[in-house]
Structures are given as C-alpha cells and as structure tokens.
Amino acid sequence: MSFFGVDFARKKERELERKLRANDREYNLSFKYATNAIKTSKYHFITFLPLNLFEQFQRIANAYFLFLLVLQVIPQISSLSWFTTVVPLVLVLTVTAAKDATDDINRHRSDNQVNNRKVEVLIDRKLRSEKWMDVQVGDIIKLENNQFVTADLLLLSSSEPLNLVYIETAELDGETNLKVRQALPVTGDLGDDIEKLADFNGEVRCEPPNNRLDRFTGTLTIAGQKYPLDNEKILLRGCTLRNTEWCFGLVLFGGPETKLMQNCGKSTFKRTSVDRLMNVLVLCIFGFLAFMCTILAIGNFFWERNEGSEFIVFLPRENQNGAGISAFLTFWSYVIILNTVVPISLYVSVEIIRLGNSFYIEWDRKMYYSRNDTPAEARTTTLNEELGQIKYVFSDKTGTLTQNIMVFNKCSINGKSYGDVYDYTGQRLEITEDTDTVDFSFNLLADSRFMFHDHALVEAVKLENPEVHAFFRLLALCHTVMAEEKKEGEIFYQAQSPDEGALVTAARNFGFVFRSRTPDSVSIVEMGQQRSYELLAILDFNNVRKRMSVIVRSPEGKLSLYCKGADTIIYERLHQSCSKLMEVTTEHLNEFAGEGLRTLALAYKDLDEEYFIQWKQRHHEASTALDDREGRLDQLYEEIEKDLLLLGATAIEDKLQDGVPQTIEQLAKADIKIWVLTGDKQETAENIGYSCNLLREEMNEVFIISGNSPEDVRQELRNAQTAIKPASDEDSVFLPQGTVSNGPTVVSEEVANGEYGLVINGHSLAYALERSLELDFLKTACMCKAVICCRVTPLQKAQVVELVKKYKKAVTLAIGDGANDVSMIKAAHIGVGISGQEGMQAVLSSDYSFAQFRFLQRLLLVHGRWSYLRMCKFLRYFFYKNFTFTFVHFWYAFFCGFSAQTVYDEWFITLYNLVYTALPVLGMSLFDQDVNDVWSFQHPQLYIPGQLNLYFSKKTFFKCALHSCYSSLVLFFIPYAAMHDTVRGDGKDISDYQSFALLTQTCLLFAVTIQLGLEMSYWTAVNTFFVLGSLGMYFAVTFTMYSNGMFLMLPSVFSFIGTARNSLSQPNVWLTIFLTSILCVLPVITYRFLFIQLCPTINDKVMFKVRQAKATPPPPPRRTRIRRTSSRRSGYAFSHAQGYGDLVTSGRFLRRPAVSRSSGFPNIGRPTTGFSPMGRSAGYSPTGRPQNTKTPDVEVTSLQMYRTFSDPAL
C-alpha cells in the first residue's frame, strides 16, 4: 500500500531535510519525493473486493453468519437448509459493497477532477501544459491570475513591481482578505524570460514536509551564494492568485506532502454510537446463545442417558453414538436453530433504513438554497441516527456563521449619530430592502455596490461640515490599504482585513477617495480635488496596541496624527476637553454594540514641528536598535499618541448568514454546546459571538485566556474554574499530571453556578492542549455555555475535537466551509460542509453538506432526531420479535427430548424475517415520527433524550429481553395447554405437532404485529398497508403451502398437508390466538399507562399537547428585534496582527505608474458650483428640529473653529 499509506509514512519519518535542484528532474527523482497527485479514495478496481470483504467481515455479525454457514454444510449438525443463511448473507454483503463502491467512485471522480487540472510547466526550455498530477518536485511552473496554486512553491518572479504577488488564503485559514508574498531580488530578475528560467539551477535545502502553515525555513543557493527563505516567499497549495497577471514558482512539495494535505488529517471509518453498542450487544447475545445451547446440550446428555435407551427400541439410530457425542452434536444444532437471536436481516434492514432517511435529507425542500441552487446532500448513509445524539458542535466562523461581508452601517460624528432612518413623525424606521438609499451620483468615483440609507450624512458632507470632512479624511488616510486602478475611475482596494476595506470604501463614497500611495505619500481626492499628503510615519497595529496611527503633512504644511482603534484604548488617550463629547459618543457606541456592530473610535491631534523632528530622530534610533526594539518603539508610540481629540466612531456590520442567531438559540435550548474554532482574530470572533447569541450580555462573565506560558495558562484556567464554582474542591476538579496515563477517563458533566463564556487564543490553546493541561482546559471549557478558540491552526481545530472525543462520552459534530476545516470535519463523529465562498474542500471531506448554517437546526432537530428515534424503535422491536421467536424454541426443547427439533414449520422460519415481519417494521422505521417538524422546532428539548441514550441502551436492551422472555412463555405454554388432549367439534383429534406448530406461529405473528402497532406513533396509508398486508400474506402463503396440490408436487418439502384448514376452522384456536395476544401486550399497556401518568417524559408531554391541539399548531409568533442597551462594547473591529505598515513605508508594494486621470468629480461644495441644497440640507426638518446642529453642551474642538469656506450665506 504505497498510496499515502505505510510506505509513505515511513519515508516521511526518515526525511530530515529536503534537497532539490531546479530544472533537474533526474537529480530530484533520486530522492523519491511524492508526485503532485492526490488520492482520497480507498479502493482500486483490483483491491476493492478483497479489501471491502475484509472490512465487512470485521463486523462481528458477518463473521458469525459465515461461521454458521460452515456449520450448516455438516449433515450431522444441520437441521436447516444451507441456503437459509447463504442468501441473506450474500444480500447483505452485496448491498454494503455497492454502497461503499458508490462512495469511493465519487472520491475517485473528485480526485481525478483535481489531478487533471492543467498548469504550464517549464520542460525542455518550453512551457508545456501539463496535468497537476504530472508536476514533480523541482519543476518551474507558471501561474496566472485567479488560478489555484498547484503545489507548495518558492516564488521566483512575478508580473508586479518588485516581484510581489497577491494571494487569497481562504482554503487554508478561512480568510478572504489578500496576503502579499515577495520573491527574492536575485530570482525576481529572471522575470518571464523563458531562457533565463530554463538556465536557472538554484539548489534549495529546506525543512521536510510538515503541517505548519505559519512558518517555513530553508536556503536557496545560487552560484555559491546562499539566500535565506521564509514563509513570505512561499506560495502554498490551496491559495488562489489574485490581482497578479502571472508568476513563476519552483515546486518544493507536491501532492500529499503539501502543507494543505498535511493538515487534512486521516480519513477514518466512522461508526455511530448505535453501531458500537450493537457490537457490544452482539457479543453479549453470542454469550447468551452459547449459554442456552450449553443448557440444552446438557439436557440432551441426561435425556440420552435416562430416556434414550428406551427411545431407540422403536426408532433405531444409524450410528450408535453415546450420550456425550449426542450432546456435542446437539450443542451445534441448537447454535444453528437459535441463531435468529441475531438474524442477518437485521443488518439488511438497518442499511435500508439509513438509506431511506438519507433520501429524506436530500429531498427536503426546506434545506434547499435556491440562490445557489444547492440542495442538502447526505454524502454518507451510515451516520443518520448519530445526528440525533449530538452534544458538541464545533463551528468555523468566517463563511460558516458569517457571509464574510463587511458593511459600513452607522457612525457617530461630533456627537451626532448617522445611519438610522426616521419618518415624518420622528419615529425610527426599520431598514429593509425597500428603504431608499443615498444617491451618490455626485461622486463619479463612488463604488456602486455601497449602500447607505441616512441622507443626512451625505448632506452634511455636501455642506462641508468640518467635523464630517475630518472624519472621512481620517478614514481615507489612516489605513494600509493598497489601491489598484487599471482603468481610470475603476478603483479596486486590497485590504488586509474586510473591515479596513469597508471603511476606506465608505470614505470613498462620501467624497474622500483614497487613490494611490507611495512609500512617503498618500494621494486622495477630497470632494473632487486631488490632494497629496506626505506620509511621515505609520504606527501599526499589534496584539497589544489595538490601534493604528498615521502621521501626515497636509499640502498646506500642517502636521497631523490620525488614530483609529478600540474605543477603550482611544478613550484612555483623549484630551480632557473631550469628556462631554466622549459621554455622548459612548451612548452611541452602546447602541451600536447592542445591535452587534463592530465599533471603532477615531481621534486626531495636531503636532508641533520641532517636537516631531526630535521624536522622528528617536523613532529612527529605536527602529534600528538590536535589543528591545519593540519595547522602545511602543514607548515612543505611547508618548505621541496622547491628548487626542475625539472625532467620532464607526460601526461595521459583519453580516451573519440568515437565521444564525435563531439557530444557535434553538441548539442551545436542545442542550447542544457550540464551540467556535476560527483562524480569525480574537476581537472579531468575540463580536460575532455576541451578534449571533453565542455570547450574551446576561452571562455572568466571559473569561479571556491569553497566557504566554504553560504556567500562565494553567493559572488563568484555574482562576476561571474558581469563579465558576467557588466552593469546588480543586483536587476533585483538576486531576494531577499523569493521572490519565493508564488510559483515557471520562470527564463527568459539572454544573456551573451561572452562565459563563470562554475565549482562548491560538498560542494559549497550544499550551492548553498539552498533556499536562488538557484536562484543566477541557473541564473549564465544558462548564461554560460557549467557547471560542481564536487564531487556531487547522490541526489545532482537529486536536480540540479529538480532546472532547477522548474524555467526554458525547457525540461531536464539526461544521465548516474551507480547506482549513477539513481536519476538524474528519476528526468529529459527524462532519458537515458548507458549500460557500471558500471552495469545495470541506464539502468533499464531509458526511453531510448544505449551503447555509441555519439548515443545521433542521438537520439535527428534525432529521437527526427522527432518524435516531426510528432506529431505536426498530432495534427494540426487532430484538423483541426475534428473541420471542427464538425463546419459544428453547422452551420447546424441554418437551422434545432436546432433539433440536424446530417448533415451527421450516417455511415459517425462512419467511418470518424476510416476508412476514420485514415490511411492517421497515414502514415504522421509515415513516414514524412522534411529532411533526413544527412541534420539533417549538420544543427543542425533545432532542435531549437522544444525547442521553434514553431510547436504546444496554438497560433498554435488557428490558426488551425480559419482555421477550415473558412473551415466549405465554406463546408456548398457552397454546400447549390449549392443544393438550384437545379434539375438534366433530370429535377428531387436533393435538398433533403440526397443528401445535401452526397455532404457535400464528399466535406469535399476531402478538408481534400488535406490539408493532403499540410502538408506532404515526400511522400512514403505507404503514397500514404493510401491517395488514403482511398478515394477509401470512395466511395466503400458509394456506397455499399447506394445500393438497403443493404436497402432491413435493411431498418432502410441503409436509403440513391440510393443517391450516383443519386447525384455523376451529373456534377454540381463534380464542387461543386472541388470549395469547392479549396476555402478551397487557403488561406493556399497563406499564405505559402508569409510566405516563406518574412520570411522563418530554415526548409524552409534547404528544399530549399535540393531541389537544388536534391540528397543526399556529405559526410561532414573529420575533421582534430586541435592541440591547448594554455597556459592553461590540469591540475593536480590526486585525490584531501586524499590518502592512512596514510594507507600505518600505516601498516594496509599488506598482506600475497609474494611468493619467482626472479627479473624477465635478466641482461641488463651492459657491461657484451653483449647488442648491435640498431637503434637510436646506434647513427643512419634518420633525421641526434644526438639522446639522451640534449636540448641546458638547465642547467645541479645534476643528469646529476652522472652516474651509467663507460664504457668509452659509
């Protein structure tokens, strides 16, 4: 098995360093590196049959039936025909093999689709179009704009100035914002010259294949000169090339050795908890079967010794075997006869039920997303009932909970809030798709996709309100966005985060258009006038600062510092004169936070020239220092970023997918715990947590775990634990190190004193997942209502899932939409893929897929719960009817000399599970439902019994066995007593074996059918037809097989001639059938009546409400949007990672000179334009309130003193 199997794993262990040479395939092939082909399928055409049979016979029941088949071909043992086992076994193996083959064919198609993509490869000094699978390590390939990166590449050159490329890494980390990579200058000189590239023979030495996405180490040797390689020069497979015409790269890792595939995790064969329980129960049943057979063999031994010698006087035997041999053969004979305790039809029925419930998921129109024409898809048919037992949901954020679309929603400028829409009475209106939008036609450079509804803001811009202008000027200058303008007027922004792009786009539409930048200048268009600001310094983001600033010099020579950041951070650095404005702005921030918006505060200050020159000198010294560089720079930043003047605040909406808050609320009511595992920033994840109801204001506390060492993380976890349960004994909560060394233990559920949330970042999570801390982390997290893990790698996502699986006796589900979620999806019991904006990698690796997160509640609360309920009812009933069937044989053995004679007709034994009882139980298992989907949503607590395994467990199985034992006693002894010394009405005897067999099997069939009727909650026409049809089929087949004609055709096969018409014509026979049926179901009815009256379950209560309603319940009341008025901030909306500041000021980002362009604006806002203000800008107010006035009691800032126009009329 060399395909990604044992050989590959062994080779990977041996590789300590990778060596390769460009354009030298012969040299690189000597190392036997993996090709670029990927393989996720399990079988080949030749290996399918042996491997699939090997897997299937690992199922204990299949191996058991194969063993029975061997026994049945031994004449001395078998009392049943061999075909009674062969036909069902072959049927089961065939159905399962066909399903596995279909699944694997789909994987092959997916693999072939990827492997057969085309890419241009430099071979023999020419660019040739080759398949991805034929690309090898050391090849030089050419990529073009919007192409997927073929393999892990060393960037050599690109079409952009200074050899930059822009890539989108959504498949790797879920983020759709662009990243920048830059080639070495020495390779960048190669350009797109094919001759130079073909002559390139650089040698690379680098790390072996690994799954670290954030680091790379290696060296490139050219002409004896070594150059260091890091992650900024590497393009990883799964990325997409953006805004770059072409680039060339050297293949370092291919196929399974790429970092993307290294993070995908292993494909494991998933089994449901019901399957695992079934394996345990089957082993118990085998033990019980052996116990019964041993008792009967011992009985045969004593019977042979005491009665056998007299018996053989009139019925001599062919072989005079002793009692011991007879008992031994009898043991194996009863193994065959009593094998119906685990019938092969059980597994056939289970596969059919799972297939049918999978179709229900795919056919569900309420899980169909019409916008993308995407239906729900059940990509596996073996896990349906597991959907009804989910306890933990692990979700990605970007693209799964959100649409990853940032929208400039509202803002507060100088104490006035903009963004809401009011009617003529002053009442705030709800903004819908029909609400009028602001007309930006005055701005020729506006982005047509941008929408804003409050006309007052654009009118304030047109009236040249100085505070509003300063607000948008700050947004146009204070950022690290890069602009691209290939055609005049068509500007495209490349932002490090969607938030930053949204703010710059907002400034653009309101008349402050960021157009271009150089390392030392920023060019913007202010209300139609081109202006260039000298860029003197960028004080960039980092994890601690939570803000960024720029220092610029205006064309008039004025020095200014513009700053934006988290409101709490900005407020600490404001001048005292801003106190009243800060109070008003805080109220607006609270309102924005209550709506789940991502907030940002804006401030500025004017700088003294002499002070700045002195500060700039100290800044240069600190930035070139070799020791404590970051600390010295932070001190300088703190020094200059103080005494700021507040301008206002922005509010950005990261649009959630439709229905996400309601879905999370429903799942929480179903006691499903949701953990968000995201590669995104902490603040971003927190904001989404609040807006989607994962984190709530009502929570007692939200703990932030951000320690930078194991000791810090341990202390923070224990502090959180103490806060959650102050009276808890630490020793009982946290196990000492090494406690679990002897094997995994199950961490019990602990109830917290209140509701808590937990947020932990990536570097702290790395420590928390260490063996010494994993139990501390797990126990603390499990006591919280919500957990958010930020900045996690794909592998860490899988490790968190594995941790919960290891120590919690619970079923897990992982849901995501990108390649960075694949390992998590594969690790969980159930994997769900969202077919969204980030490719199809998650979908291809998932068990179920759909287009929107909100469909998850229907998948779990409806389809999952129904599937689990149906499967449990099926198993309970199936074991009942087969145990009852088999136990009658056991009692009969005491009356037939332990001779292994069957109590039923052989044809009844053959058809009992295949014909007489197959369709009714399948009908129940495919159509039954306790309540409909509407009631399921109204009462999500109905889901909880599945999490607790209340419907089918070892205890339930034991009750089922006791019930079967009682029923078998009734079914054997009452017919036996009724037939004993009985005569017909005409005096003829009917107390023969055949009449007794017919009566017993008829009583059995009626009893199990009535029991099925009691189990069924939802009768349909199909169910009714199956139940009545199966009874009718029984009588039709019985009268046919017991007829004279069948006996005359095959006397040895159809020996029960006339038994049916002889027995079933007697009233006492029907009275016996009625009596046994009543006695079999009477305890069940009594038990259920008392149980419902004394301690009803949630199902009983809801079903009672349904019966009271007697109709479909009215639709649930429409949810009103609740506006929170909490003081908690929605948070800092920007990246905590280092921004593009260094790149901007270094000049490395430069592009070709832009085309010559006009300002794109008509001259507006000046007296010469003839601009005539209308509506509110003309002073009209429908509420009678003056417009564009300053908030009372807000102190005047320096900007309010300054006007850029002097028209006395205004």
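Residues numbered from 1 in each chain as written. Predicted model: local features only at pLDDT ≥ 70, side-chain atom pairs only at ≥ 80, totals over all residues. Heavy atoms only, no water.

Draft legend 1. Main features of the overall build of the protein chain. Counting its regular elements, the protein chain contains 42 helices and 35 strands. Within the span of the protein chain, comprising 1210 residues, buried residues form 56% of the whole. Sequence-distant contacts in the protein chain: of pairs separated by 6 or more residues, those separated by 24 or more amount to 75%. Summing over all exposed atoms, the protein chain offers an accessible surface of approximately 52200 Å²; the carbon and sulfur share of this is 57%. (Helix = DSSP H or I, 4+ residues; strand = E, 2+ residues; numbered from the N terminus. Buried < 20%, exposed > 50% of the residue type's maximum accessible area, 1.4 Å probe, protein only. Contact = heavy atoms within 4.5 Å. Areas by Shrake-Rupley, 256 points an atom, 1.4 Å probe, with all protein chains shown as cover.)

Draft legend 2. The sheet that holds strand S6 (residues 164-168), seen in detail. Pairing within the open sheet is antiparallel, and its three strands lie in the order S7-S6-S12. Both edges of this open sheet fall to strand S7 (178-182) and strand S12 (240-242), since each of them pairs with a single strand only. Ignoring strand direction, the axes of neighbouring strands in this sheet form an average angle of 45°. As judged from the three bridges shared by S6 and S12, these two strands associate in the antiparallel manner. Note that in S12 the partner of Ile167 across the bridge is Leu241. (Pairing = 2+ DSSP bridges. Axes fitted to C-alpha atoms, helices over the stretch in contact; angles between N-to-C directions.)

Draft legend 3. Quick look at the state of the cysteines. Scanning all chains against the criterion turns up zero disulfides. Note on Cys782: no disulfide assigned, nearest cysteine sulfur contributed by Cys784 at a separation of 8.9 Å. (Disulfide = S-S within 2.5 Å.)

Draft legend 4. Layout of the pairing of strand S9 (residues 218-222). Only one face of S9 is covered, namely the face carrying Gly218, Leu220 and Ile222; the face carrying Thr219 and Thr221 is uncovered. In terms of strand pairing, strand S8 (residues 203-206) meets S9 through four bridges, oriented antiparallel. Bridge pairing in S9 places Arg205 opposite Thr219. Across five bridges, the pairing between S9 and strand S10 (residues 225-229) is antiparallel. By the bridge assignment, Thr221 is partnered in S10 with Lys226. Count of turn residues in the S9/S10 antiparallel hairpin: two residues, of which Ala223 carries a positive phi of about 50°.

Draft legend 5. Structural detail: the pairing of strand S22 (residues 512-518). The buried fraction of S22 is high, at five of seven residues. The pairing of S22 with strand S23 (residues 521-526) spans six bridges and is classified as antiparallel. Across the sheet, residue Phe514 finds its bridge partner in S23, namely Ile524.

Draft legend 6. How the structure looks around helix H35 (residues 993-1015). Taking 1.5 Å per residue, 23 residues should reach 33 Å; H35 reaches 33 Å between its end C-alpha atoms and fits that length. In this structure Asp992 caps H35, since a side-chain oxygen of it lies 3.1 Å from the backbone nitrogen of Gln994. (Expected span 1.5 Å × (residues − 1). Polar contact = N/O pair within 3.5 Å; in protein donor to acceptor, adjacent residues only side chain to side chain.)

Draft legend 7. Representation of helix H14 (residues 466-477). End to end, H14 covers 16 Å across 12 residues, agreeing with the expected 16 Å (1.5 Å per residue, within 8%). Among the 12 residues that make up H14, 12 are buried, leaving the element largely enclosed by the rest of the structure. For H14, the full list of buried residues reads Pro466, Glu467, Val468, His469, Ala470, Phe471, Phe472, Arg473, Leu474, Leu475, Ala476 and Leu477. At the N-terminal boundary of H14, the capping side chain belongs to Asn465, with an oxygen 3.0 Å from the backbone nitrogen of Glu467.

Draft legend 8. Molecular detail of the UniProt feature "binding site: Mg(2+)" (unreviewed entry) in the protein chain. This chain's UniProt record puts "binding site: Mg(2+)" (unreviewed entry) on Asp396, Thr398, Asp817 and Asp821. Relative to the helices and strands, Asp821 is located in the loop between strand S33 (811-816) and helix H27 (822-827). Apart from the residues within four sequence positions on either side, Asp821 is in contact with Asp396, Lys797 and Gly816. Within the structure, the side chain of Asp821 is placed 2.6 Å from the side chain of Lys797, a separation counted as a polar contact. (UniProt positions renumbered as here; feature names shortened; annotations may be inferred.)

Draft legend 9. View of the side chain of Asn913. For Asn913, the location among the structural elements is in helix H30 (residues 906-916). Overall, Asn913 belongs to the buried group, its relative accessible area being 10%. Engagement of the side chain of Asn913 in a polar contact is seen with the side chain of Asn882, the distance being 3.0 Å.

Draft legend 10. View of the nonpolar core. Of all hydrophobic cores here, the largest spans 98 residues; its most connected members are Tyr334, Leu346, Phe874, Leu875 and Phe879. Sort the elements by how many residues they give to this core and helix H29 (residues 855-893) lands first, with 18 residues. When residues no more than four places from it in sequence are discounted, the contact partners of Phe879 are Met278, Ile285, Val341, Leu346, Phe952, Phe957, Cys960 and Ser964. Counting residues in hydrophobic clusters, the runner-up holds 86 residues, among them Ala470, Ala506, Val522 and Met548. (Core = buried A, V, L, I, M, F, W, Y, C linked by side-chain atoms within 4.5 Å.)

Draft legend 11. Quick look at the packing of aromatic side chains. Scanning the entire structure with this criterion turns up 64 aromatic pairs. Where Tyr392 meets Phe394, the ring centres are 6.4 Å apart and the plane angle is 15°; that geometry is what we call stacked. Both residues of the pair, Tyr392 and Phe394, count as buried. One residue, Arg21, lies across the ring of Tyr27, its end atom 4.0 Å from the ring centre. (Phe/Tyr/Trp six-rings, centres within 6.5 Å; stacked < 30°, edge-to-face > 60°. Lys NZ or Arg CZ within 6 Å of the ring centre and 35° of its normal.)

Draft legend 12. Region of the structure containing the pattern of salt bridges. Applying the stated criterion across every chain yields a total of 49 salt bridges. Residue Asp396 pairs with Lys797 through a salt bridge whose shortest N-O separation is 3.4 Å. Taken as a pair, Asp396 in the loop between strand S15 (390-395) and strand S16 (402-413) and Lys797 in helix H26 (residues 794-807) lie far apart in primary sequence, 401 residues in all. Across the pair, Lys797 and Asp396 agree in class, each one buried. A salt bridge links Asp821 to Lys797, with the shortest nitrogen-to-oxygen separation between them at 2.6 Å. Of the two residues, Asp821 sits in the loop between S33 and H27 while Lys797 sits in helix H26, which places them 24 residues apart along the sequence. Overall, Lys797 belongs to the buried group, its relative accessible area being 1%. One salt-bridge network, in which partners are shared between bridges, spans Arg547, Glu572, Arg573, Glu638 and Glu641. (Salt bridge = Lys/Arg side-chain N within 4 Å of Asp/Glu carboxyl O.)

Draft legend 13. Focus on the UniProt feature "active site" (unreviewed entry) in the protein chain. In this numbering, the UniProt entry assigns the feature "active site" (unreviewed entry) to Asp396. Within the local environment of Asp396, its side chain forms a polar contact with the side chain of Lys797, the two groups lying 3.4 Å apart.

Draft legend 14. Just the confidence of the model for the protein chain, in detail. Per-residue pLDDT for the protein chain has a mean of 82; in total, 83% of the residues score no lower than 70. Across the protein chain, strand S13 (residues 246-253) holds the top mean pLDDT of 96, while helix H42 (residues 1198-1201) sits lowest at 36. Ignoring residues within four places in sequence, the model shows residues 1-12, a span with pLDDT below 50, making 20 contacts including any to other chains. A low-confidence stretch, residues 1120-1128 (pLDDT under 50), is modelled with 17 contacts involving residues beyond four sequence positions or located in other chains. (pLDDT = per-residue confidence, 0-100.)

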